[in-house]
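# Overview (structure and organization)
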Amino acid sequence: MRIAVIGAGAIGAFYGGVLADAGVDVSFIARGQTLEAIRNHGLRIVGNTELTLTVPATDNAAEIGQVDVVLICTKTFQLADAARAHLPALMGSDTLVVTTQNGVIAPQILSEIVGAEHVAPGVCREWVKILEPGLIMDLGGPRMLEVSTMDDSPNPIIDEVRATCEKAGIVSPITDDITTTLWVKMCSVVPQGACGAVLDVALGDLLSTYRDIFARCIAETVQVARGHGAKIADDFVTKNLTFLAGQDPASTTSFQRDILAGRPSEYAAQVGAVPELGDEVGVDTPVNDVIAAVLGRREAENRGYTSGF
């Protein structure tokens, strides 16, 4: 199996690096400082995973050619441009493009560009962050990649992806309801980033001082998810808060870090999307409406910043 990874940030470098270390044919598309760092120092992962790998890396997809699978690991706001720039050279008639972004918007964006039959929505479950270009910290987690077709129909390439991941030590279970899987991740991650950013606090404060508003933000997102057909358990909010209580109280989300640092963020696909998706199914989201209004203004102020993948 040949795999191309577009975007060698935290997610792309981790999953692509672990697969490459297991002997899978993986090539990376990056640019700027990230590309330079990988070429000069290798792709480096530290923390719970310790790897330094010499891997093929380029900013020209034509140098890679057609592959079986593309892991597209850019930020959501970079997704369309990256897809149009690189996918034509990478895709054959059966190539699947796996999305890795949090939220439910990325598969929709990609389907409009390459067709739903080529899109494989994915959900990544590992805590990773960029220390510097080409250097990734693995903070731990289940080392999981859940992936399926848009309509959960059988696909031999999906089967091969799962088997390849398992051989590389990445858990990749059979998923028969990718819509619910995507929404569960969104309900788990987006409210933390939204509340953490608007209040400028870490997880510990969200679970204590601001627990009520945090829980209401999660609950609204769950109602929106159900309106879109996701099968979210009745006790999701309670269980999610219990799960988060076992995590590092100093933790923040990448969205929160980006928007508070003045970088462009995934606001439109995450925090800003919740009220819009609620409107589509007639679900009121008053807490998320206020958060989106405040952070939307902050996002607009950050738009002059540019960043590569």
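Before reading further, recall that the structure is shown in the block above.
This report concerns the structure included in the present document. In this text, all values refer to a predicted model and were calculated from it rather than measured experimentally.

This part covers the packing of helix α8 (residues 211–227) against helix α12 (residues 286–302). One can describe the packing of α8 onto α12 by two numbers: an axis separation of 8 Å at closest approach and a directional angle of 105°. When the interaxial angle is binned, α8 and α12 end up roughly perpendicular. Facing α8, whose interface residues are Ile213, Arg216, Cys217, Glu220 and Thr221, α12 presents Pro286, Val287, Asn288 and Ile291. Classifying every residue of the contact of α8 with α12 by side-chain character gives five nonpolar, two polar and two charged.

Here α12 spans 25 Å end to end across 17 residues, near enough to the 24 Å set by a 1.5 Å rise per residue. For α12, the complete set of buried residues consists of Val287, Asn288, Ile291, Ala292, Leu295, Gly296, Glu299 and Asn302. End-on, the buried residues of α12 take up no more than an arc of 145°, which puts them together on one face. Facing away from the buried surface of α12 by more than 90 degrees, the exposed residues are Val290, Ala293, Arg297 and Glu301. In this structure, the buried residues of α12 make contact with α6 (178–199), α8, α10 (254–260) and α11 (273–280).

Our next topic: helix α9 (residues 236–245). Along α9, the residues that are buried comprise Phe236, Val237, Asn240, Leu241 and Leu244. On an axial view of α9, the arc spanned by its buried residues comes to 125°, and they lie on one face. In α9, the exposed positions that point more than 90 degrees away from the buried face belong to Thr238, Lys239, Thr242 and Ala245. Looking at the buried side of α9, the elements it contacts are α6, α7 (203–207) and α8.

Rules of the game
- Residues numbered from 1 in each chain as written.
- Predicted model: local features only at pLDDT ≥ 70, side-chain atom pairs only at ≥ 80, totals over all residues.
- Heavy atoms only, no water.
- Axes fitted to C-alpha atoms, helices over the stretch in contact; angles between N-to-C directions.
- Helix = DSSP H or I, 4+ residues; strand = E, 2+ residues; numbered from the N terminus.
- Parallel < 35°, antiparallel > 145°, perpendicular 65-115°, else oblique.
- Contact = heavy atoms within 4.5 Å.
- Nonpolar A, V, L, I, M, F, W, Y, C, P; charged D, E, K, R; others polar.
- Expected span 1.5 Å × (residues − 1).
- Buried < 20%, exposed > 50% of the residue type's maximum accessible area, 1.4 Å probe, protein only.
- Arc of directions from axis to C-beta.

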